[in-house]
Amino acid sequence: MKNVSFIIPNYNAKSSVDKAVESILKQKYKGKFEVIVVDDKSTDKSVKVLSKFRKYKNFRLIKNEKNIGLANSLNKAINSAKYELIAIVWCDCILIGERWLTKMVEKFNSNNKIAAVS
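Worth saying up front: this structure is predicted, and the values here are computed from it rather than measured.

Undergrad: Talk me through the environment of Lys-48; I want residue IDs and the actual numbers.
TA: Tracing the backbone through its elements, the reader meets Lys-48 in helix α2 (residues 46-50). Overall, Lys-48 belongs to the exposed group, its relative accessible area being 62%. Residues Lys-48 and Lys-14 lie 34 residues apart in sequence; the distance between their C-alpha atoms is 8.6 Å.

Printed below as a string of structure tokens:
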């Protein structure tokens, strides 16, 4: 199984970003995966809400010092990713089922011409 880096860009998504992270952390997957949330200088309590995930070894929070925008935030997170596959998940996206990641990677591995899976 390939290892996967999930990237979640966050800006003022206090009401949903924790649910997105929880849905990823619940995945049953034989490979390794990490969750990187990049916060683009939110002004709500997003960072405080995310602090409960610091206990997970595969969770990281990158806090931008100033608002740099979505594209720059994504690039920053991608550059810090550990693993070969990158999965971008929006802060209001919930992965349905505990095998979502397994199914995505299986689809990706089923054909070497596939460059992206959605």
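Undergrad: Got a sec to walk through the pattern of salt bridges? Specific residues and values, please.
TA: Taken as a whole and assessed by the stated rule, the structure comprises five salt bridges. One salt bridge connects Lys-52 with Asp-18, and the closest N-O pair in it is separated by 3.4 Å. Pair noted here: Lys-52 is in the loop between α2 and β3 (59-63) and Asp-18 is in helix α1 (residues 17-25), with a separation of 34 residues, a long-range link. Residue Asp-18 is classed as buried on the basis of its relative accessible area, which comes to 11%. One salt bridge in this structure joins Arg-60 and Glu-34, with 2.9 Å as the shortest N-O distance. Of this pair, Arg-60 sits in strand β3 while Glu-34 is found in strand β2 (residues 33-39), placing the two residues 26 residues apart along the sequence. Bridged by salt links that share partners, the residues Asp-18, Lys-19, Glu-22 and Lys-52 form one connected network.

Parameters at a glance
Along each chain, residues carry numbers from 1 onward, in the same order as the chain's sequence is written. Local features in this predicted model are restricted to residues of pLDDT 70 or higher, and side-chain atom pairs are both shown and tallied only at a pLDDT of 80 or more, whereas totals for entire chains, interfaces and linings draw on every residue. The side-chain quantities take in all heavy atoms of the structure and omit both hydrogens and water. Secondary structure is summarised from DSSP: a helix means a run of H or I of at least four residues, a strand means a run of E of at least two, and numbering begins at the N terminus for each. Per-residue accessibility, obtained with a 1.4 Å probe over protein chains only, is compared with the maximum for each type, and a residue is labelled buried under 20%, exposed over 50%, and partly exposed between these values. The working definition used for a salt bridge is a side-chain nitrogen of Lys or Arg within 4 Å of a carboxyl oxygen of Asp or Glu.

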